[in-house]
Amino acid sequence: MTNTNTKTLLFLLLLSGASAFAPPLSTSRLVSTPLYAAATEAGTKTKTHPIKRVKSEQDVLDLASFRNDLTSPEMMVENASLKSAGVDNSEAAINGVKTGLIYVGVPLALYSYFFEGRDVSKVIELYFGVGGSIGAILGVNAYMGKSVYLPNKAECENRIVVDYAEGLKREQDVGFIAISPQTTKFEPCGGVMACVDGQLRNSKLSPMGVQTVEGLPSHFHIKNMLVHDSMRRQGVAMELMDSFEAYARDDTDAELLTLEVEEENTGAVNLYKKAGFEFIKNPTSFTKRKFMTKKL
């Protein structure tokens, strides 16, 4: 048999082996639960809700938990524990071995044979040496119940704060939260049902590291505003806007409020227009979103 035929046969054998041991593809897909913007608040009745400025570390954590789909660090720890308890360790161990042999060993063997020109014995040695070792490690860990990482509370706190409230944690941003009387639903996030945050830009009072925007005076830029879907159409967004505006006007040297919005998001555009915002040419070139301002 020629050298070319030998390579072709080995290539087909490796591929057929991968197909035989590969786990079936899942038709489901893990997706994150969307956070709902306060876009449908326009044209609704005004209702008084408790609004407070985010000041303490607990306020920051509550806001982050709200943005984390009403999931607190304690709930994250509990969810991970439940997920771990529901894992079949024997099945997880088998999948761990397959991962090493199929998804590490096979590509490595193919590359070393066809692109590096190694002989068959070296390829087999590499396949079992690397793929087999990784598979064994994964399999043993899975069998010992370590296939699901179990974070502690401090790790979960850090994760959601970094993901959802890092600017507030670093004191680069200023935020306000609306507290709901429906304590049961919003208990995991300290009663937070809506929030807004932003930062002072182009000011001598701006914190270190805050973005500057050429061509604008000192201004407070609204970065995010979220209202839980069950609390929409109750005037919450407008009350948050009013609190944010009052702070920017009375406690800073800001001359403008600014924000960016998708033009197609007509609900949000109507809300901002109702609050007194107007479109201007977007001074930034890295986004296609529309820019709106309001004089203070």
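What you see is a predicted model, and the numbers here were worked out from it, not measured in a lab.

(A) Geometry of the sheet that holds strand β2 (residues 174-179). Strand order across the open sheet formed by 7 strands is β1-β2-β3-β4-β5-β7-β6, with mixed pairing between neighbours. Each of the sheet's edge strands pairs with one partner strand only, and the pair in question is β1 (51-53) and β6 (278-280). Across the sheet, the mean angle from the axis of one strand to that of its neighbour is 30°, orientation sign disregarded. In the sheet, strand β3 (residues 192-201) pairs with strand β4 (residues 219-227) via 8 bridges, with the strands oriented antiparallel. Within the sheet, the bridge partner assigned to Arg201 lies in β4 and is His219. Those strands touched by helix α9 (residues 236-251) are β1, β2, β3, β4, β5 (256-261) and β7 (290-295), and its axis lies near 155° from that of β4.

(B) Spotlight on the packing of helix α3 (residues 73-85) against helix α6 (residues 153-164). Running from N to C, α3 and α6 point in directions that differ by 120°, and their axes come no closer than 8 Å. For the element pair α3 / α6, the angle class is oblique. Where α3 crosses over α6, the handedness of that crossing is right-handed. Here Pro73, Glu74, Met76 and Val77 of α3 lie close against α6, whose contacting residues are Lys153, Cys156, Glu157, Arg159 and Ile160. Residue classes in the contact of α3 with α6 are distributed as 5 nonpolar, no polar and 4 charged.

Analysis parameters
- Residues numbered from 1 in each chain as written.
- Predicted model: local features only at pLDDT ≥ 70, side-chain atom pairs only at ≥ 80, totals over all residues.
- Heavy atoms only, no water.
- Pairing = 2+ DSSP bridges.
- Helix = DSSP H or I, 4+ residues; strand = E, 2+ residues; numbered from the N terminus.
- Axes fitted to C-alpha atoms, helices over the stretch in contact; angles between N-to-C directions.
- Contact = heavy atoms within 4.5 Å.
- Parallel < 35°, antiparallel > 145°, perpendicular 65-115°, else oblique.
- Left-handed = near helix turned anticlockwise from the far one by under 90°.
- Nonpolar A, V, L, I, M, F, W, Y, C, P; charged D, E, K, R; others polar.

Remember that the coordinates give geometry; whether it matters functionally is a separate question.
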